[in-house]
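Observations on the three-dimensional arrangement
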Amino acid sequence: MATLLTSKKSEYMSLDYLTKIYARAISIQLSAERLMNRSIQLGRLAINTEVVAVKAATVGLTFSVIAKEVSALARTITTEMELLEASGKLLASNAVACAARARLGEKYREALALNMTGSNAALVQGILNENQQYLQKVLTDMSQQLKSTLVNAQNLVRLTVHIPVVASMFRIESARGSKSDALLFRGMSNDLVAFTTSFSIDLEHLLVLAVKTLDMFGIRQPGAAR
Amino acid sequence: MKVQKIADNGGLSWYVFGRDTSKSEHVIDTNEYLVVHSSGDALLMDPGGTEIFPQVVAALSEVVQITDIKAFFASHQDPDIMSSLPLWLGLCPKAKVYMSWIWSGFIAHFGHEYVGNFITVPDEGISFQLGNSHLQLIPAHYCHSSGNFSLFDPVNRVLFSGDIGAALLPPEHTNMMVTDFQDHTRYMESFHRRWMPSNRAKNAWIRRVRPLKCQYICPQHGAIFEGENVDRFLDWFEKLDVGSAV
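Here, residues in each chain are numbered from 1, in the same order as that chain's written sequence. Going through the entries in the order they are written, you letter the chains from A and number the ligands from 1. Given that the model is predicted, a residue must reach a pLDDT of at least 70 before its local features are reported, and side-chain atom pairs must reach 80 or more before they are shown or counted; all residues, however, enter totals for whole chains, interfaces and linings.

1. So, the packing of helix H4 (residues 162–176) of chain A against helix H5 (residues 179–216) of chain A
Residues and elements named next belong to chain A.
- Lines fitted to C-alpha atoms define the axes here, with helix axes fitted over just the stretch in contact, and angles between the N-to-C directions of these axes take values from 0 to 180 degrees. A run of H or I in DSSP becomes a helix once it reaches four residues, and a run of E becomes a strand once it reaches two; helices and strands are each numbered from the N terminus. Between H4 and H5, the least distance of the axes is 8 Å, while the angle of their chain directions is 165°. Taken together, the axis directions place H4 and H5 in an arrangement best described as roughly antiparallel. In this structure, H4 crosses over H5, and the sense of that crossing is left-handed. On the side of H4, the interface is formed by Ile163, Pro164, Val166, Ala167, Phe170, Arg171, Glu173, Ser174 and Ala175, while H5 contributes Ala182, Phe185, Arg186, Met188, Ser189, Leu192, Val193, Phe195 and Thr196.
- In terms of residue class, the contact of H4 with H5 is built from 12 nonpolar, 3 polar and 3 charged. Under this scheme an angle from 65 to 115 degrees is roughly perpendicular, one under 35 degrees roughly parallel, and one over 145 degrees roughly antiparallel; angles in between are oblique. Crossing handedness is defined as follows: a turn of the near helix away from the far one that is anticlockwise and smaller than a right angle gives a left-handed crossing, while the clockwise case is right-handed. Once C-beta atoms have been placed from the backbone, residue pairs whose C-beta atoms lie within 7 Å are recorded as contacts. Note that Gly is not counted as nonpolar here; it falls among the polar residues with everything else outside the nonpolar set of Ala, Val, Leu, Ile, Met, Phe, Trp, Tyr, Cys and Pro and the charged set of Asp, Glu, Lys and Arg.

2. Topic: unusual backbone geometry
Residue and element names in this part refer to chain B.
- Cis geometry marks the peptide bond from cysteine 143 to histidine 144, where omega comes out at 0°.
- Tracing the backbone through its elements, the reader meets histidine 144 in the loop between strand E9 (133–139) and strand E10 (149–153).
- In this model, arginine 19 sits at a positive phi of 55°, which is unusual for a non-glycine residue.
- Among the structural elements, arginine 19 can be located in the loop between strand E2 (12–18) and strand E3 (32–37).
- In the Ramachandran plot, arginine 157 falls in the positive-phi region, its phi being about 55° despite a non-glycine side chain.
- Inspection of the secondary structure assignment puts arginine 157 in the loop between E10 and strand E11 (158–162).
- Labels follow a simple rule on C-beta atoms placed from the backbone: if 20 or more others lie within 10 Å of a residue's own, it is buried; if 12 or fewer, it is exposed; otherwise it is partly exposed. What makes arginine 157 partly exposed here is the crowd of 16 C-beta atoms within 10 Å.

3. Points about the nonpolar core
- Each nonpolar core reported here comprises buried Ala, Val, Leu, Ile, Met, Phe, Trp, Tyr and Cys residues connected via C-beta atoms within 7 Å. Of all hydrophobic cores here, the largest spans 76 residues; its most connected members are Tyr33, Leu159, Tyr216 and Cys218 of chain B.
- Not counting residues up to four positions away in its chain, the partners in contact with leucine 159 of chain B are Ser150, Phe152, Val209, Leu212, Cys214, Tyr216, Ile217 and Cys218 of chain B.
- Of all hydrophobic cores here, the second largest spans 48 residues; its members include Ala67, Met169, Phe170 and Leu209 of chain A.

4. A word on the sheet that holds strand E6 (residues 96–100) of chain B
Residues and elements named next belong to chain B.
- Strand order across the open sheet formed by 7 strands is E1-E2-E3-E4-E5-E6-E7, with mixed pairing between neighbours. The strands lining the two open edges of the sheet, one partner per strand, are strand E1 (2–9) and strand E7 (118–121). Strand-to-strand twist across the sheet, computed as the mean angle between neighbouring axes with direction ignored, equals 20°.
- Strand pairing requires that DSSP identify at least two bridges connecting the strands. In this structure, strand E5 (residues 69–73) lies alongside E6, joined through 3 bridges in parallel fashion. Directly across from phenylalanine 73, in E6, lies its bridge partner tyrosine 98.
- Here helix H1 (residues 53–60) sits on the sheet in contact with E1, E2 and E3, set at roughly 145° to E2.

Take a look at the structure:
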């Protein structure tokens, strides 16, 4: 299948197409920012579990192991999220540049259509060609950024799967502790489950956006969600 | 788009571009002025908005080599004056852009990569060369913009006045020159009452301009005042109570 890298189709350079890409890129950036804010919540939860581990004397040792698991997971998710957020920002800024250039290109094209001739027409055509080359390059970069966004998001899906497992560990431990510890552990477990639910919904939204945007570049992800 | 030569003396030729019938009805009609020196060097005044760039560049390319445009002048900062700047500088990347010092940071919003081309003009104005001819930037602050200049060619006695003298003409009014001054005032009055905020500033501009003995006053909208209509306009403007439309 022809991708943007090889396609000569003018539709890929049209203002309409680039405006749609721009809108998608901004949505992806906003989505990544929302996920980043959620992952900060996970970091807070991890700190809470560490504090509780110190206090929970009766089952402290086991709890401490689970708390360390939460912290490690939070760190990994944060690292992945930072990559995702950075690629989201780059994608959005490239999209802004593309939309602005496309607008300029449209005006140069309109001028040429008004029967410009000779060296002046050649000058405008030359600038228009440079503009097209620039757009081609930035769009190629954007397709790469989108692919890495998708990889980051898929890694996050894999990591998120572990959170309910850790939440179950808290539930199991709650049965062994004192009454107050049990209440505390169940609370921790509930917080982690609630986090997973909201994080997964946002993550799925971002994945769908990234896949649909890659579709616009003529790049299909086999078996990816639509 | 209409093209008309206005004046041609001392190695400087003046052209006006305007009355574009193909533009969107939502876009205000504007006049763009080009002065070409016999050496080939050209200056484009208030090059216009992005929307009309294709028509202006196509019409202008019938008169001059685009690469010969060595300078642009922006009377003030409005979008109809020069939102096309990035398009023009894409074609003439070495051209200078003369503008009031107070607007450079604002005009940079049209494309910050061209800030190096900006020549910021101090409040008192400057004189600069096109080819070996001198052109003068005359202060017109608060007429209507807080940093505003008119451009004077002392050889042809042509004054490009920006929004001063502007008229909002109906589409059927295709003449580039004012033919019936009295009738023309009805297209100017409400514009000047609303857009010109200060009688003091307006009268200061008139005091600067009268001694120049202009043969032409060329506004960015409407029609050009020639000969006796120049004094008629200055007299009319002097009597008008501006800043009084609301």
